[in-house]
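Summary of structural features
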Amino acid sequence: MQRRPSIKSVQKHRPFLKWAGGKFRLTEEITKCFPKKKRCLIEPFVGAGSVFLNSSFERYILADINPDLINLFNIVKQDVDHYIDACKTVFFHPQANTEAYYYAQREQFNRSVNSFERSVLFLYLNRFGFNGLCRYNSKNEFNVPFGSYKKHYFPEIELRYFSAKAQSAVFICADFQEVFKLADKQSVIYCDPPYAPIRQETNFTGYAGNEFSLIHQTTLAELAKKTATERNIPVIISNHDTQFTRAIYQGAKVKRLKVQRSISQSSAKRIKVNELIASFTGK
């Protein structure tokens, strides 16, 4: 009797950026929440783009408030070959994986007003900095410390895949409230905002050099409800699973998850935390 060929799992695609809080491990759980027969995915907090890379829509509107991130994505979309060639001169420098070189490139990035140079240095700082953090100080200067990793990987394959898929995407730098206005009946909106704190002693998290406060969290939740109920556009949101998020997402369908999260390099300090996916489906 002839045996049937085994069904291979669908290949997952990693983003070319490291990203604290990225959704690569959760893409299957998130995409299960997307309604069928929608043609456009809108992401107001695109981050490294894991959900974009591992979903199948005809078109995408991908946004973030960080202009460096959106500038990088648009450059990779437009001419990935030129971008890769330029990156290699920085990445494969004999001193690339040293503190002195890293901090010199960080200083150059903070001084530069050239959009292409900033895009190249942004990727270098992302891959060689501490744990994929993207953080700016009050002067809007990138201030993530050196990562001290023994080995580094240049993400050429990931860059080329991102560029190919990006041909069906539009990247914009905008606040989430502005991005919601771009949705229509063919859209589904997925939000991965800076997470609400697990403990409520703090009331904001870093948001591209600005604050994403509990007020912003509540505003996003109310906008999601209104968009789903009044415009019949589904909205899905990821966040920590806390009393606060349960309260602001009241009325949504909630899926609870255990997720390993940490910004520590030590595996012993990486613990699992409760997260949720809230789905506002409207009518």
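Here the structure is a predicted model, which means the values were calculated and not measured.

This part covers the packing of aromatic side chains. By the definition in use, this model includes 29 aromatic pairs. Their ring planes at 85 degrees and their centres at 5.9 Å tell us that Phe-91 and Tyr-124 sit as a pair that is edge-to-face. Here the residue Phe-91 occupies a position in helix α4 (residues 80-91), and Tyr-124 occupies one in helix α6 (residues 115-128), the gap between them amounting to 33 residues. Neither residue differs from the other here; Phe-91 and Tyr-124 are each classed as buried. A centroid spacing of 4.6 Å and a plane angle of 25 degrees characterise the contact between Tyr-124 and Phe-128, whose relative ring orientation is stacked. In this pair, Tyr-124 and Phe-128 both sit in helix α6, 4 residues apart, roughly one turn of the helix. Exposure class is identical for Tyr-124 and Phe-128. Each is buried. Joined through ring pairs, the aromatic side chains of Phe-16, Phe-34, Phe-52, Phe-57, Tyr-60, Phe-73, Phe-162, Phe-171 and Tyr-190 make up one cluster. One cation-aromatic arrangement involves Lys-12 over Phe-24; the distance from NZ or CZ to the ring centre is 4.3 Å.

A two-sided burial pattern is seen for strand β1 (residues 40-43), the buried positions comprising Cys-40 and Ile-42 on one face and Leu-41 and Glu-43 on the other. The pairing of β1 with strand β2 (residues 59-64) spans 4 bridges and is parallel. When the bridges of β2 are listed, Leu-41 appears paired with Tyr-60. As judged from the 3 bridges shared by β1 and strand β4 (residues 187-191), these two strands associate in the parallel manner. Counterpart to Ile-42 in the pairing with β4 is Ile-189.

A separate point is the packing of helix α3 (residues 67-78) against α6. Where α3 meets α6, the closest approach of the two axes is 9 Å, and the angle between their N-to-C directions is 100 degrees. When the axis of α3 is compared with that of α6, the two are roughly perpendicular. Residue-level inspection shows Asp-68, Leu-69, Asn-71, Leu-72 and Ile-75 of α3 in contact with α6, the latter providing Ser-115, Phe-116, Arg-118, Ser-119 and Phe-122. Tallied by class, the residues present in the contact of α3 with α6 amount to 5 nonpolar, 3 polar and 2 charged.

Another point: the environment of Ser-50. Inspection of the secondary structure puts Ser-50 in helix α2 (residues 50-53). By relative accessible area, which is 6% here, Ser-50 ends up buried. The spatial distance from the C-alpha of Ser-50 to the C-alpha of Trp-19 is 9.6 Å, given a sequence separation of 31 residues. When residues no more than four places from it in sequence are discounted, the contact partners of Ser-50 are Pro-15, Lys-23, Phe-24 and Thr-27. At a separation of 3.5 Å, a polar atom in the side chain of Ser-50 contacts the main-chain amide nitrogen of Phe-24.

Looking at the element boundaries, Ser-163 is found in helix α7 (residues 156-165). Taking relative accessible area as the criterion, Ser-163 reaches 6% and is therefore assigned buried. Taking C-alpha positions, Ser-163 is 8.2 Å from Phe-73, a pair spaced 90 residues apart along the chain. Other than its neighbours up to four places away in sequence, Ser-163 contacts Val-76, Lys-77 and Val-80.

Next up on the list: the confidence of the model for the protein. Scored by pLDDT, the protein comes out at a mean of 90, with 88% of its residues at no less than 70. Confidence drops under pLDDT 50 across residues 1-8; counting only partners more than four residues distant or on other chains, this segment forms 0 contacts.

To continue, consider α6. If you check α6, its first and last C-alpha atoms are 20 Å apart, about what 14 residues at 1.5 Å a residue would give, namely 20 Å. Burial runs high along α6: 11 of the 14 residues are buried. Restricting attention to buried positions, one finds in α6 the residues Arg-118, Ser-119, Val-120, Leu-121, Phe-122, Leu-123, Tyr-124, Leu-125, Asn-126, Arg-127 and Phe-128. Where the residues of α6 are buried, they touch α3, α4, α5 (99-111) and α7. Regarding α6, its N-cap is Asn-114, as a side-chain oxygen of that residue lies 3.0 Å from the backbone nitrogen of Phe-116 further along.

About the cut-offs
Residues numbered from 1 in each chain as written. Predicted model: local features only at pLDDT ≥ 70, side-chain atom pairs only at ≥ 80, totals over all residues. Heavy atoms only, no water. Phe/Tyr/Trp six-rings, centres within 6.5 Å; stacked < 30°, edge-to-face > 60°. Helix = DSSP H or I, 4+ residues; strand = E, 2+ residues; numbered from the N terminus. Buried < 20%, exposed > 50% of the residue type's maximum accessible area, 1.4 Å probe, protein only. Lys NZ or Arg CZ within 6 Å of the ring centre and 35° of its normal. Pairing = 2+ DSSP bridges. Axes fitted to C-alpha atoms, helices over the stretch in contact; angles between N-to-C directions. Parallel < 35°, antiparallel > 145°, perpendicular 65-115°, else oblique. Contact = heavy atoms within 4.5 Å. Nonpolar A, V, L, I, M, F, W, Y, C, P; charged D, E, K, R; others polar. Polar contact = N/O pair within 3.5 Å; in protein donor to acceptor, adjacent residues only side chain to side chain. pLDDT = per-residue confidence, 0-100. Expected span 1.5 Å × (residues − 1).

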